[in-house]
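Overview (structure and organization)
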Amino acid sequence: MRHCHPGSSLSLLTKAGAAIAMIGALLVAGCAEIRPPGEGGAKGPSELLFPAPPDEPRFVFERTILSSADVLEDSEDDQWRRALTGERRTGVFLAKPYGVAVNRGRLFVTDTASRDVKAFDLAEKKFFSIGEDEPGQLVKPIGLDTDDAGNLYVADASAKAIQIYDRDGHHLRTVGGHDLFDRLTSVTVSPDGNRLYVVDIGGVQSDNHRIRVFDSHTGASIQDIGKRGRGPGEFNLPRDLAIGKDGRLYIVDGGNFRVQIFDRDGKYLDSFGAAGRQLGNFSRPKEIATDPDGNVYVVDTAFGNFQIFNPDGELLMFIGQRSEAPGPGRYMLPSGIAIDLDGRIYFVDQWFKKVDVYRPYGLAPTAGFAPVRAAKLEK
């Protein structure tokens, strides 16, 4: 939801440069393939670059995560045994992923089918599940977030509560309850871990379309932001919230097809976006993320992509395309997005049951919080 840093990849874009990159991306659905040797003379394995050549690339598709097997080390003994027996390598697969959060190479993904959070530690090559047992057992985990210390905050839609765990999945406490929300959808935590922003999407029969703010330690209510409506500062089916530069709050106002901007105290500042089929418009906006430079990443399920805006809502570029066929950069039902401090983007698709990873073009694949070994890159 938050915590992303594409380094200089987007901050280097001037408005004119961004427009050129955007137009180039439009022409080829936001990506281009560099062919491997024998298919055009490019060196090395195929890469999907964003935006497409001849524009300067900002991101490159890195890999897809489908199961624990994509993270855990595969020993030489295991490889030898499978070679002898014909056994296939297996793992714990994502069943119906929704939300995603990341903290220094440790990836957390909510799974509404298996009713847990799957943790993939890409740096330490570990995998484990969170929320399977009491205390802190999950029923329908959806949105989630981490603070700077790596503590995990999970919105449970059925329990109408926020379950809080440490970085290793040990339950710490619960905030919320059935009397506080009509329809809980997501949670965002301030970087210091002191304040929770919980989105109550409301519903057709409810007037409680709002953001509820709590003290994350005591559970005490601090304030509510917004009410149902179409005007400035009002919401129609809000979906998600991200904290941007200078403490700004960026809120996906799904039913009004826009992102609204508030200051840290909940005062309305501005909005961007409208219903439409052009880039910069929204059709079915869902989750949102921001980076320390203030850029805003908005997932659109209907478009099958995420669009990247500057802090004032001007479009910089987009990544992804809607497709019924699986593959890198192709999405049928995208939902969650998160970006780590090294700039890697983690993007969830529910239909294809995957997390796609994008790396800033200037970051070496073996660098950052989630380095990729050469063997992985060659797959």
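Just so we're clear, the structure is a prediction, and the values are computed from it rather than from any experiment.

**A word on the sheet that holds strand S17 (residues 249-253)**
Ordered by their spatial adjacency, four strands build an open sheet running S16-S17-S18-S19, and the pairing between neighbours is antiparallel. Looking at the sheet topology across the chains shown, the edges are occupied by strand S16 (238-243) and strand S19 (268-272). Taken pair by pair, the neighbouring strands of this sheet meet at an average axis angle of 20 degrees, ignoring direction. Here five bridges tie S17 to strand S18 (residues 258-262), and the two strands are oriented antiparallel to one another. Bridged to Tyr-250 within S18 is Ile-261.

**Details of the sheet that holds strand S15 (residues 221-225)**
Within the open sheet, the four strands sit side by side as S12-S13-S14-S15. Their pairing is antiparallel. This sheet does not close on itself; its edge strands, each paired only once, are strand S12 (184-189) and S15. Strand-to-strand twist across the sheet, computed as the mean angle between neighbouring axes with direction ignored, equals 20 degrees. Where strand S13 (residues 195-200) lies against strand S14 (residues 210-215), six bridges are found, and the strand directions are antiparallel. Along S14, the bridge assignment pairs Leu-196 with Phe-214.

**Side note on the pairing of strand S23 (residues 315-319)**
Counting buried positions along S23 yields five of five residues, so the element is predominantly enclosed. One ladder, built from four bridges, connects strand S22 (residues 305-309) with S23; its direction is antiparallel. Bridge pairing in S23 places Gln-307 opposite Phe-318. Linkage of S22 to S23, two consecutive antiparallel strands, is achieved through a turn of five residues, within which Gly-313 is found at a positive phi near 90 degrees.

**Overview of the side chain of Glu-62**
Within the element layout of this structure, Glu-62 appears in strand S3 (residues 59-65). Separated by 2.8 Å, the side chains of Glu-62 and Arg-344 make a polar contact. Setting aside residues no more than four positions away along its own chain, Glu-62 makes contact with Arg-344, Val-357, Tyr-358, Arg-359, Pro-365, Ala-370 and Val-372.

**Quick notes on the environment of Gly-294**
Counting through the fold element by element, Gly-294 comes out in the loop between strand S20 (285-290) and strand S21 (296-300). Exposure remark for Gly-294: the relative accessible area of 0% places this residue in the buried category. A C-alpha to C-alpha distance of 8.8 Å links Gly-294 and Asp-312, two positions 18 residues apart in sequence. The residues contacting Gly-294, other than those within four sequence positions of it, are Lys-245, Tyr-250, Asn-310 and Pro-311.

**Description of the pattern of salt bridges**
Tallying each qualifying case throughout the model produces 16 salt bridges. A salt bridge links Glu-56 to Arg-58, with the shortest nitrogen-to-oxygen separation between them at 3.2 Å. When its relative accessible area of 49% is taken as the criterion, Glu-56 is described as partly exposed. Its relative accessible area of 8% is what places Arg-58 among the buried residues. Put simply, Arg-210 and Asp-200 hold a salt bridge, and the shortest N to O gap is 3.7 Å. Here Asp-200 lies in strand S13 and Arg-210 lies in strand S14, a separation of ten residues in the sequence. Salt bridges linked by common partners bring Glu-62, Arg-63, Asp-342, Arg-344 and Arg-359 together as one network.

**Concerning unusual backbone geometry**
Following Phe-50, the chain continues to Pro-51 via a peptide bond in cis, the omega torsion being -10 degrees. Inspection of the secondary structure puts Pro-51 in the loop between strand S2 (47-50) and S3. The omega angle of the peptide bond from Glu-134 to Pro-135 is -5 degrees, so this bond is cis rather than trans. Position of Pro-135 among the secondary structure elements: in the loop between strand S7 (126-130) and strand S8 (141-146). Even without being glycine, Asp-246 reaches a positive phi, approximately 65 degrees. Tracing the chain through its elements places Asp-246 in the loop between S16 and S17. Even without a glycine there, the phi angle at Lys-353 is positive, about 55 degrees. Within the fold, Lys-353 resides in the loop between strand S27 (345-349) and strand S28 (354-360).

**Some words on the environment of Arg-89**
Checked against the element boundaries, Arg-89 lands in the loop between helix H3 (76-85) and strand S4 (97-103). By relative accessible area, which is 32% here, Arg-89 ends up partly exposed. The spatial distance from the C-alpha of Arg-89 to the C-alpha of Ala-69 is 7.5 Å, given a sequence separation of 20 residues. With residues near it in sequence (within four places) discarded, Arg-89 still touches Ala-69, Leu-72, Glu-73, Asp-74 and Arg-82.

**Focus: the environment of Asn-208**
Relative to the helices and strands, Asn-208 resides in the loop between S13 and S14. Linking Asn-208 and Arg-183, residues 25 residues apart in sequence, is a C-alpha distance of 8.9 Å. Those residues within four positions of Asn-208 in sequence are excluded, and the remaining contacts are Asp-182, Asp-200, Ile-201 and Gly-202. At a separation of 3.1 Å, a polar atom in the side chain of Asn-208 contacts the side chain of Asp-182.

Analysis parameters
- Numbering of residues starts from 1 in each chain and follows the order in which that chain's sequence is written.
- Per-residue local features are limited, in this predicted model, to residues with pLDDT of at least 70; the limit for side-chain atom pairs, both in listing and counting, is 80 or more; totals at the level of whole chains, interfaces and linings are taken over all residues.
- To obtain the side-chain values, all non-hydrogen atoms of the structure were included, while hydrogens and water were left out.
- Strands were regarded as paired on the criterion that DSSP finds at least two bridges between them.
- Per the convention used, a helix needs a DSSP run of H or I reaching at least four residues, while a strand needs a run of E reaching at least two, with both numbered from the N terminus.
- Only C-alpha atoms enter the line fits that serve as axes; for helices the fit covers just the stretch in contact. Angles between N-to-C directions range over 0 to 180 degrees.
- Burial here depends on accessible area, computed with a 1.4 Å probe over protein chains only, as a share of the maximum for the residue type. Under 20% is buried, over 50% is exposed, and the range in between is partly exposed.
- Contacts described as polar in this section are N or O atom pairs within 3.5 Å, which, within protein, must combine one atom able to donate a hydrogen with one able to accept it, while residues neighboring in sequence count only if both atoms come from side chains.
- By the convention used here, residues are in contact when the closest approach between their heavy atoms is within 4.5 Å.
- Any carboxyl oxygen of Asp or Glu within 4 Å of a side-chain nitrogen of Lys or Arg constitutes a salt bridge here.

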